[in-house]
Amino acid sequence: MIDTALIRRAEILEPDARRAVAAFAEQVRQPDLAGVIFFCSANYDLEVIAEGMREAFDCPVVGCTTAGEIGTAYQANSIVGLGFPSSHFSMHPRLIGSMRDFGLTRAAMLCEEVEPDLVFNERIGAKGMFGLLLVDGLSLLEEQVTANLYNAFNGMSIVGGSAGDDLKFVETLVFVDGKFHRQAAVLTVIETTLPFQVFRWQHFEPTDVDLVVTHSDPEIRTIYELNGGNAGDEYARALGLTRDQLETAIFSLHPLMIQIGDEWYVRSISRMDPDGSLVLFCAIDTGLPLTIGRCVDYIEALDAQIGRLRGEIGQPALTLGCDCILRRLEIFEKGIEGDVSKRLQSVNFLGFSTFGEQINGLHVNQTLTGVAIGEGD
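Quick summary incoming for the structure in this document.

Quick notes on the rules
- Residues numbered from 1 in each chain as written.
- Predicted model: local features only at pLDDT ≥ 70, side-chain atom pairs only at ≥ 80, totals over all residues.
- Heavy atoms only, no water.
- Helix = DSSP H or I, 4+ residues; strand = E, 2+ residues; numbered from the N terminus.
- Rg over C-alpha atoms; globule rule 2.2 N^0.38 Å.
- Buried < 20%, exposed > 50% of the residue type's maximum accessible area, 1.4 Å probe, protein only.
- Contact = heavy atoms within 4.5 Å.
- Areas by Shrake-Rupley, 256 points an atom, 1.4 Å probe, with all protein chains shown as cover.
- Lys, Arg positive; Asp, Glu negative; His and termini not counted.
- Charge placed at Lys NZ, Arg CZ, Asp CG, Glu CD.
- Salt bridge = Lys/Arg side-chain N within 4 Å of Asp/Glu carboxyl O.
- Pairing = 2+ DSSP bridges.
- Axes fitted to C-alpha atoms, helices over the stretch in contact; angles between N-to-C directions.
- Core = buried A, V, L, I, M, F, W, Y, C linked by side-chain atoms within 4.5 Å.
- Phe/Tyr/Trp six-rings, centres within 6.5 Å; stacked < 30°, edge-to-face > 60°.
- Lys NZ or Arg CZ within 6 Å of the ring centre and 35° of its normal.
- Parallel < 35°, antiparallel > 145°, perpendicular 65-115°, else oblique.
- Nonpolar A, V, L, I, M, F, W, Y, C, P; charged D, E, K, R; others polar.

## Thoughts on the overall build of the protein
Inference 1: Counting its secondary structure elements, the protein contains nine helices and 26 strands.
Inference 2: Taking 21 Å as the expected radius of gyration for a compact globule of 377 residues, we find that the protein reaches 20 Å, a close match to that expectation.
Inference 3: C-alpha extents for the protein along the principal axes are approximately 60 × 45 × 40 Å.
Inference 4: For the protein, the proportion of its 377 residues judged to be buried stands at 56%.
Inference 5: Taking all contacts inside the protein whose residues are at least 6 apart in sequence as the whole, residues at least 24 apart take part in 80%.
Inference 6: Accessible area for the protein stands at about 14,900 Å²; split by element, carbon and sulfur atoms hold 48% of it.
Inference 7: Between the averaged position of the 28 positive side-chain charges in the protein and that of its 53 negative side-chain charges there is a distance of 2 Å.

## Comments concerning the pattern of salt bridges
Inference 1: This structure, assessed with the given rule, holds 18 salt bridges.
Inference 2: A salt bridge links Glu-113 to Arg-94; the nearest nitrogen and oxygen atoms lie 2.6 Å apart. With Glu-113 in helix H3 (residues 104–114) and Arg-94 in strand E7 (residues 89–96), this residue pair connects regions lying 19 residues apart in the sequence.
Inference 3: With relative accessibility at 43%, the residue Glu-113 sits in the partly exposed group.
Inference 4: Notably, a salt bridge pairs Glu-205 with Arg-294, separated by 3.1 Å at the nearest N-O pair. Placement of Glu-205 in strand E14 (residues 204–217) and of Arg-294 in strand E21 (residues 289–295) is noted, with a sequence separation of 89 residues between them.
Inference 5: The exposure class of Arg-294 is partly exposed, given its relative accessible area of 38%.

## Concerning the sheet that holds E7
Inference 1: Pairing is mixed across the open sheet formed by six strands, whose spatial order is E7-E12-E8-E9-E24-E25. The open sheet has two edge strands with one neighbour each: E7 and strand E25 (362–364). Strand-to-strand twist of the sheet, defined as the mean angle between neighbouring strand axes without regard to direction, takes the value 20°.
Inference 2: One ladder, built from six bridges, connects strand E8 (residues 129–135) with strand E9 (residues 157–162); its direction is parallel. Looking at E9, one finds that Phe-130 is bridged to Ser-157.
Inference 3: Packed on one face of the sheet, H3 meets E7 and strand E12 (185–192) and runs near 145° to E7.
Inference 4: Strands in contact with helix H4 (residues 142–152) are E7, E8, E9, E12, strand E24 (357–359) and E25; relative to E8, the strand with the most contacts, it is inclined by about 165°.

## Description of the environment of Gly-63
Inference 1: The residue Gly-63 is located in strand E3 (residues 61–65) in this model.
Inference 2: Considering only alpha carbons, one finds Gly-63 and Val-174, 111 residues apart in sequence, at a separation of 5.9 Å.
Inference 3: When sequence neighbours within four positions are dropped, the list of residues in contact with Gly-63 reads Phe-38, Leu-134, Val-174 and Phe-175.

## Re the nonpolar core
Inference 1: Counting 54 residues, the largest nonpolar core has Phe-84 and Tyr-235 as the members making the most contacts within it.
Inference 2: With sequence-adjacent residues up to four places away left out, Phe-84 is seen in contact with Ile-7, Gln-30, Asp-32, Leu-33, Ala-34, Gly-35, Ile-37, Phe-89, Met-91, Ile-190, Leu-318 and Ile-373.
Inference 3: Grouped together as the second largest cluster of nonpolar side chains are 25 residues, Ala-10, Ala-17, Ile-49 and Met-53 included.

## Side note on the packing of aromatic side chains
Inference 1: A full pass over the atoms with the stated rule returns 11 aromatic pairs.
Inference 2: Seen from their ring centres, Phe-38 and Phe-175 are 5.2 Å apart, and the 65° between their planes marks the pair as edge-to-face. Of this pair, Phe-38 sits in strand E2 (residues 33–40) while Phe-175 sits in strand E10 (residues 174–176), and the two are 137 residues apart along the sequence. Across the pair, exposure class does not vary: Phe-38 and Phe-175 are buried alike.
Inference 3: Pairing Phe-175 with Phe-180 gives two aromatic rings, centres 5.0 Å apart and planes at 65°, and the pair type is edge-to-face.
Inference 4: Under the relative-accessibility criterion, Phe-175 is labelled buried at 1%.
Inference 5: Grouped by ring-pair contacts, the aromatic residues Phe-24, Phe-38, Phe-175 and Phe-180 constitute a single cluster.
Inference 6: Above the ring of Tyr-265, the side-chain terminus of Arg-200 is found at 4.0 Å from the ring centroid.

## A few points about the sheet that holds strand E26 (residues 368–374)
Remark on secondary structure: sheet strands pair via backbone hydrogen bonds, oriented parallel or antiparallel.
Inference 1: In spatial order, the strands read E5-E4-E23-E22-E26-E13; together these six strands make up an open sheet with mixed pairing. Both edges of this open sheet fall to strand E5 (74–75) and strand E13 (196–201), since each of them pairs with a single strand only.

## Observations concerning the packing of helix H7 (residues 298–313) against helix H9 (residues 337–345)
When two helices pack together, their arrangement is given by the angle between their axes and by how far apart the axes lie.
Inference 1: Running from N to C, H7 and H9 cross one another at 0°; their axes reach a closest spacing of 11 Å. Judged on the interaxial angle alone, H9 and H7 are roughly parallel. Of the residues in H9, those touching H7 at Tyr-298, Ile-299, Leu-302, Asp-303 and Ile-306 are Asp-339, Val-340, Arg-343 and Leu-344.
Inference 2: Class assignment of the residues belonging to the contact of H7 with H9 gives a composition of six nonpolar, no polar and three charged.

As structure tokens, this is what we get:
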């Protein structure tokens, strides 16, 4: 069983970048660090943050900018993160540049490159390790990168999030090899001797209102036609509304959903353009069947999800999570952020608010993806 104090956590609210990164390093540093993960506000001087990370650590360090940080509470303009002890963990990060050219061949080469560096395992696979994927949240390439990695890494679970920049939508960055990178991703294979469980939480369920995508452009994540008609008109009609009544709150409460196997996944609408086309946070291909989603009680869903997680893993020593910015906006609008924070901290949660989430081979929205690491025997 791990002494949970060995997973050193930090959450630093200091606005000055130099003092913030120094305080962060002081809190997570320990002998024999396997690696460090951090999530920070894009409002910091990121060159100073990078310099501080390089000076403080000689182990692997990965991170990204955020749409808000999550420590013991939802916070902003801060750094949160942790340091893993080498007694129970080994971290193997790899930069993925030129994301548009990242296909299955490159993903397979990446897997072959990581495998000889494994410490606790002989082969990349589903046991003894998981992947943490951090991606430029403005790249529009998460689907491609996530799917190719999952197909190449021999069943290894992958969980991740898309970097943010609060809600500026200007520049989102990932950190690896001592630098922040744009138009890039970083996959970190994390080996552990402890039990773990990758999970996906959402608070939506499908209705019986079905739609078919009859014209879309996946590269720009835009649906032009649903059921052979204007996308905005058909979506509004399905809800008993007119196109003029559509607004952000409607999109948030009634996302599109897609069924894959026995599971339902959220495909959120970002906005409606003047021509009635719907711009999504995920790519959607022509011909796909979709269903209108329905919001369920956030707290009730969260309580049930935490209960199931504890049933699978016991009390987590750490829960590392990537939580959609739309979920953050919702809980603040409803005034339940304190209740949500209390529940997340009951499972030792740490993470960040994202511009998108990844789970195994899929890119999703309005979802919390994560990994819970158990205390062990």
